[in-house]
Amino acid sequence: MKRIADSTVRRLSIYLRFLEEFEGRGLATVSSEELARRGGTTSAQVRKDLSLFGSFGKRGLGYSVPELATVLRDILGLGKEWRVVIIGAGKIGAALAQYRGFRQRGFVVVAAYDTNPDKIGRTLEGIEIRDMTHFEADVEKKRPEIAVLSIPTDDAQQVLDRVSRAGIKAVLNFAPVQLHASGDMTVKTVNMAMELEGLTFALTNNS
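Residues numbered from 1 in each chain as written. Predicted model: local features only at pLDDT ≥ 70, side-chain atom pairs only at ≥ 80, totals over all residues. Heavy atoms only, no water.

Peer 1: Explain unusual backbone geometry here, please?
Peer 2: Backbone geometry follows two general trends: most residues other than glycine have a negative phi, and most peptide bonds adopt the trans configuration. Phi is positive for glutamate 125, close to 50°, though the residue is something other than glycine. Assignment of secondary structure puts glutamate 125 in the loop between strand 5 (123–124) and strand 6 (127–131). Phi angles above zero are rare outside glycine, and arginine 143 is one such case at about 55°. Here arginine 143 shows up in the loop between helix 7 (135–142) and strand 7 (146–149). (Helix = DSSP H or I, 4+ residues; strand = E, 2+ residues; numbered from the N terminus.)

Listed below in structure tokens is the structure:
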């Protein structure tokens, strides 16, 4: 498959959320202009993004809402259930484990791990927090596709290497550090400080 920019994938996710909103309102069609207005982009960008995956919509009629929503779910891999493990059951990890929106999008948390004896054995939304000593054996049984790292910076690379050796190929990282992944692994880092800096940049430069 050709390389698709991360910014394009993010816009596809945004389009899908608006399409699902339109579905809920019973709307049959939507124009590229309306998707662009809602998504903060241009109609030309909407058409360019969608054209990377095929030909959709009809000139003058717009896009079929249910048809395009179905296509975007398939493109984004939301047509199946994805098994997720959370490593680090601190405040962020606990909040993620209890976030019910994951299941609505097909992401099922199958296990949570920590090294803190005070946390091991507790449950989060029915999920037992397991000792990391069980990680590899559990992965062999549960076969998760995605790992979420919500652990201290100093431990992140070592844990990522361990996740890679266990065979998990996709990681969402909340540790504010640049991690080095093997060639066949995809790592997305959520750096909340950088997101806030983007907001302060906008506040500083839009005045």
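Now that the structure has been shown, the text picks up again.
Peer 1: Just checking my understanding: could you explain the environment of threonine 153 for this structure?
Peer 2: Position of threonine 153 relative to the elements: it lies in helix 8 (residues 153–165). Among the residues examined, threonine 153 registers a relative accessible area of 33% and is labelled partly exposed. A sequence separation of 150 residues divides threonine 153 from arginine 3, and the C-alpha atoms of the two residues are 30 Å apart. Among residues more than four places away in sequence, those in contact with threonine 153 are Ala175, Pro176 and Val177. (Buried < 20%, exposed > 50% of the residue type's maximum accessible area, 1.4 Å probe, protein only. Contact = heavy atoms within 4.5 Å.)

Peer 1: Would you take a moment to explain the packing of helix 1 (residues 6–24) against helix 4 (residues 65–75) for this structure?
Peer 2: Taken N-terminus to C-terminus, the directions of helix 1 and helix 4 make an angle of 145°; their axes are 9 Å apart at the nearest point. Handedness of the crossing formed by helix 1 with helix 4: left-handed. Contact residues: Leu12, Tyr15, Leu16, Leu19, Glu20, Phe22 and Glu23 in helix 1; Val65, Pro66, Leu68, Ala69, Leu72, Arg73 and Ile75 in helix 4. Taken together, the residues of the contact of helix 1 with helix 4 break down into 11 nonpolar, no polar and three charged. (Axes fitted to C-alpha atoms, helices over the stretch in contact; angles between N-to-C directions. Left-handed = near helix turned anticlockwise from the far one by under 90°. Nonpolar A, V, L, I, M, F, W, Y, C, P; charged D, E, K, R; others polar.)

Peer 1: So what exactly am I meant to see when it comes to the layout of surface pockets here?
Peer 2: Picture a little ball the size of a water molecule; that probe, rolled over the atoms, points out where space is still empty. Approximately 1,800 Å³ is the volume found for the largest pocket. Lining the largest pocket are 35 residues, with Val9, Ser13, Phe107, Leu172 and Lys188 sitting closest to its centre. Elements represented by at least two residues in the lining of the largest pocket include exactly helix 1, strand 3 (82–87), helix 6 (101–104), strand 4 (107–114), strand 7, strand 8 (170–173) and strand 9 (186–189). Partitioned by chemical class, the residues of the lining of the largest pocket number 21 nonpolar, six polar and eight charged. (1 Å grid on protein atoms, 1.4 Å probe; cavity = no way out; pocket = protein on both sides within 12 Å on 5 of 7 lines; lining within 4 Å. Points joined across faces, edges and corners; volume = space filled by probe spheres on them.)

Peer 1: How do you make sense of the sheet that holds strand 3 when you look at a structure like this?
Peer 2: Whenever strands of a sheet pair, they do so through backbone hydrogen bonds, lying parallel or antiparallel. Taking strand neighbours across the sheet as the criterion, the seven strands line up as 5-6-4-3-7-8-9 in an open arrangement whose pairing is mixed. Of all the strands in the sheet, the pair left with one neighbour each is strand 5 and strand 9. The pairing of strand 3 with strand 4 spans six bridges and is parallel. Directly across from isoleucine 87, in strand 4, lies its bridge partner tyrosine 113. Together, strand 3, strand 4 and strand 6 form the strand contacts of helix 7, whose direction differs from that of strand 4 by roughly 165°. (Pairing = 2+ DSSP bridges.)

Peer 1: So what exactly am I meant to see when it comes to the confidence of the model for the protein chain here?
Peer 2: As a note on interpretation, predicted positions should not be read in detail where pLDDT is low. On average, residues of the protein chain score 91 in pLDDT, and 98% of them reach the 70 mark or higher. The least confident element of the protein chain is helix 6, whose mean pLDDT is 85; the most confident is strand 7, at 97. (pLDDT = per-residue confidence, 0-100.)

Peer 1: Can you help me understand the nonpolar core in this one?
Peer 2: One broad trend across soluble globular proteins is that nonpolar side chains are buried collectively. Counting residues in each nonpolar core, the largest one holds 19 residues, and the members touching the most others are Ile87, Phe135, Leu149 and Val163. Those elements that provide at least two residues to this core are strand 3, strand 4, helix 7, strand 7 and helix 8. If you tally residues by element for this core, the top one is helix 8, at four residues. If we ignore the near neighbours within four places in the chain, the residues touching leucine 149 are Ile87, Ala156, Val159, Leu160, Val163, Val171, Leu172, Asn173, Phe174, Ala175 and Leu179. Residues Phe22, Ala36, Tyr63 and Val65 belong to the second largest nonpolar core, which totals 18 residues. (Core = buried A, V, L, I, M, F, W, Y, C linked by side-chain atoms within 4.5 Å.)

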